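Below, each chain spelled out in residue letters.
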Amino acid sequence: MLDLKFVRENLDLVQDAVKNRKAEVDLEAFRRLDENRRSILPELEGLRARRNEVSAEVGRVKKAGGDPSGVFAEMKEVGGRIKELEDQLGAVDARLGELLMTIPNLPHQSVPVGGGEEDNPVVSTWGDPPKFDFEPLNHWDIGENLGIIDFERAARMTGARFAVLKGMGARLERALINFMLDLHTGEHGYTEVLPPFMVNSQAMTGTGQLPKFAEDSFKLEGTDYWLIPTAEVPVTNLHMQEVLDGARLPLFYTAYTPCFRAEAGSHGKDVRGLIRQHQFDKVELVRFTRPEDSYEHLESLTANAEEVLRRLELPYRKVVLCTGDVGFSSAKTYDLEVWLPGQGRYREISSCSNFEDFQARRAGIRFKDKGQKGTSLAHTLNGSGLAVGRTLVAILENGQRADGSVILPKALAPYLGGVSEIKPASV
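Draft legend 1. Quick look at the overall build of the chain. From N to C terminus, the chain includes twelve helices and 17 strands. A compact globule built from 427 residues would reach a C-alpha radius of gyration of about 22 Å, whereas the chain, at 28 Å, exceeds it by more than 25%. C-alpha atoms of the chain, sized along the principal axes, occupy 110 × 50 × 40 Å. Looking at the chain as a whole, 49% of its 427 residues qualify as buried. Intrachain contacts of the chain at a sequence separation of at least 6 include 73% that bridge at least 24 residues. Summed over all atoms, the accessible surface of the chain reaches about 20,100 Å², with 49% contributed by carbon and sulfur.

What follows is the structure, given as structure tokens:
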């Protein structure tokens with residue numbers, strides 16, 4: 001969340017940022033509540049000062065042998081009014097806190113102003129989309145023809161937006177997870193963690209999923225546990241309510257987890273295939289940095305995700321999200337979009353974001369340098385390195401051949417026992 005004092009002192013700037021984000025936030029209510037708060041404080045502070053004076057006066061009257069009953073009456077009246085004003089102030093502060101949780105992060109000055117996905121500038125492209133002498137298939141047809149993806153049985157046992165991976169499908173998923181983790185830990189300097197796949201409401205609030213996106217997540221009935229929508233939540237909250245040693249920064253973490261999303265706002269979108277599932281696998285990258293270094297880290301974190309695509313020989317492009325498309329908690333985001341021949345378009349496979357101190361303020365993640373009197377908020381960053389299911393989709397669609405087989409990336413050979421292609425049973 002943003003700093004309350006900053007919002008109070010820069011409400012017009014925040015209003016412009018919210019407008020550019022195409023977000024709906026009741027900042028007029030914030031303004032009215034803040035004015036109400038400012039009107040309460042002078043009277044409350046004056047009465048508190050008077051209470052101290054009256055208390056001292058009681059002592060003087062008693063010492064002089066006088067009757068303090070009149071002074072006691074005033075003290076009771078003052079105390080009653082103080083309690084009334086404190087209750088009003090508490091209610092106002094609580095409402096201000098609720099509104100503060102609904103205000104999105106301010107976009108970085110380098111983020112282009114735009115209304116939505118169509119306004120996201122392309123920063124760079126890598127690789128050439130493959131050319132086929134046949135009509136390329138979508139991954140769901142490829143997977144079902146090869147017998148490695150089963151949507152029908154998944155739907156019977158669970159419902160829509162689930163899949164069963166079988167044989168080489170399951171093996172390829174596992175190989176991708178191991179390949180990504182080995183690359184990020186062995187060459188990119190990340191520490192691997194395996195966090196819980198359930199978190200509490202405090203953790204969900206810390207990274208910005210709550211309260212705004214509750215309907216997009218799954219909550220376990222009768223508990224305060226949520227299934228994680230992304231490893232970003234537990235990994236960022238590794239250091240919730242901690243003061244880190246500034247000399248240890250930056251910290252790099254990577255994690256494989258399944259992810260669970262209700263996809264509440266996606267009715268009718270990507271109803272077929274693996275693109276938008278209620279459950280999917282992802283390898284996540286998370287960094288904790290000093291504020292002055294965080295944008296340099298955004299570039300290198302994004303490069304780490306790009307390297308996965310390059311090693312897998314998958315054509316992709318990098319776009320920067322405009323103000324109307326950037327996520328609630330993010331100050332700046334790059335999306336990596338992989339080419340999918342079956343759809344004839346680029347599709348998101350990774351989002352890499354700098355949240356600046358937005359998440360750290362919510363989660364209480366601070367750092368302190370030796371000799372520093374106070375503490376400072378860390379900056380947090382994360383990115384998909386990569387979404388595993390979508391990577392599998394890209395491999396199937398880009399590697400397909402006319403006979404129904406699929407050529408696999410050379411980088412995966414060590415993880416697949418040297419297997420270089422998936423063949424139909426008849427080939």
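Draft legend 2. Looking closely at the packing of aromatic side chains. Under the criterion given, the structure shown has eight aromatic pairs. Sitting over the face of the ring of F252, R287 holds its NZ or CZ atom 3.8 Å from the ring centroid. Taking NZ or CZ as reference, K318 lies 4.8 Å from the ring centre of Y334, over its face.

Draft legend 3. Expanded view of the sheet that holds strand β13 (residues 365-368). One open sheet accounts for three strands, arranged β7-β13-β14; its pairing is mixed. One side of each edge strand has no neighbouring strand; the edge strands of this open sheet are β7 (242-245) and β14 (376-377). By the bridge criterion, four bridges tie β7 to β13 in an arrangement that is parallel. Residue pairing in the sheet places E242 in a bridge with I365 of β13.

Draft legend 4. Highlighting the packing of helix α7 (residues 168-186) against helix α12 (residues 388-398). The N-to-C vectors of α7 and α12 enclose an angle of 115°; their axes lie 10 Å apart at closest approach. Seen along the crossing, α7 lies across α12 with a hand that is right-handed. The residues of α12 that touch α7, namely those facing G169, L172, E173, L176, I177 and M180, are V388, G389, T391, L392 and I395. When grouped by side-chain class, the residues that make up the contact of α7 with α12 number seven nonpolar, three polar and one charged.

Draft legend 5. Seen up close, the pairing of strand β12 (residues 345-354). Of all the ten residues making up β12, seven are buried; the element is thus mostly covered by neighbouring parts of the structure. Bridge count for strand β11 (residues 332-340) against β12 is nine bridges, and the pairing is antiparallel. Bridge pairing in β12 places V338 opposite R347. Here β11 folds back onto β12 in antiparallel fashion, the turn holding four residues, of which G344 has a positive phi close to 65°. In terms of strand pairing, β12 meets strand β15 (residues 379-387) through three bridges, oriented antiparallel. If you follow N354 over to β15, its bridge partner there is L381.

Draft legend 6. Focus on the side chain of S217. Residue position: S217 is located in the loop between α8 (201-206) and β6 (225-227). Residues contacting S217, with those up to four places away along its chain left out, are M204, W226, P229 and A262.

Draft legend 7. Spotlight on the nonpolar core. In this structure, L172, L176, M180, L309, L408 and L412 are the most contacted members of the largest nonpolar core, which totals 49 residues. Looking at this core element by element, the count peaks at nine residues for α7. Contacts of L408, omitting those with residues within four sequence positions, involve M168, L172, I395, L416, V419, S420, E421 and I422. One finds V25, I40, L99 and F328 within the second-largest nonpolar core, a separate group that totals 28 residues.

Draft legend 8. Expanded view of the state of the cysteines. All told, the structure shown has zero disulfides when counted by the stated rule. Sulfur of C259: no disulfide; nearest cysteine sulfur belongs to C352 and is 14 Å away. By relative accessible area, which is 0% here, C259 ends up buried. Note on C322: no disulfide assigned, nearest cysteine sulfur contributed by C352 at a separation of 17 Å.

Criteria and cut-off values
Each chain carries its own residue numbering, running from 1 in the written order of its sequence. pLDDT decides what is reported in this predicted model: residues at 70 or higher carry local features, side-chain atom pairs at 80 or more are listed and counted, and totals for whole chains, interfaces and linings draw on all residues regardless. As a convention, hydrogens and water are excluded, and side-chain values are obtained from all of the structure's heavy atoms. Only runs of H or I of at least four residues qualify as helices and only runs of E of at least two qualify as strands under DSSP, and these elements are numbered from the N terminus. For the radius of gyration, the atom set is restricted to C-alpha positions; the globular benchmark scales as 2.2 Å times the number of residues to the power 0.38. Exposure is judged per residue with a 1.4 Å probe applied to protein chains only, and the accessible area is read against the type maximum: over 50% gives exposed, under 20% gives buried, and values in between give partly exposed. In this description, contact between two residues means that some pair of their heavy atoms is separated by no more than 4.5 Å. Surface accessibility follows the Shrake-Rupley procedure with a 1.4 Å probe radius. Residue values consider only the protein chains on display as shielding. Working definition: a ring pair exists when centres of Phe, Tyr or Trp rings (six-membered ring for Trp) sit within 6.5 Å. Plane angles under 30 degrees give stacked, over 60 give edge-to-face, the rest tilted. Charge-over-ring placement is defined geometrically: NZ (Lys) or CZ (Arg) within 6 Å of the ring centre, and within 35 degrees of the ring normal. In short, DSSP must find at least two bridges between two strands for them to pair. Lines fitted to C-alpha atoms define the axes here, with helix axes fitted over just the stretch in contact, and angles between the N-to-C directions of these axes take values from 0 to 180 degrees. Note on convention: the crossing is left-handed when the near helix lies turned anticlockwise from the far helix by less than a right angle, right-handed when the turn is clockwise. Gly is put with the polar residues, along with every residue not named as nonpolar or charged; the nonpolar set is Ala, Val, Leu, Ile, Met, Phe, Trp, Tyr, Cys and Pro, and the charged set is Asp, Glu, Lys and Arg. Throughout this description, the term nonpolar core refers to a set of buried Ala, Val, Leu, Ile, Met, Phe, Trp, Tyr and Cys residues connected via side-chain atoms within 4.5 Å. By convention in this document, the label disulfide applies to cysteine sulfur atom pairs within 2.5 Å.

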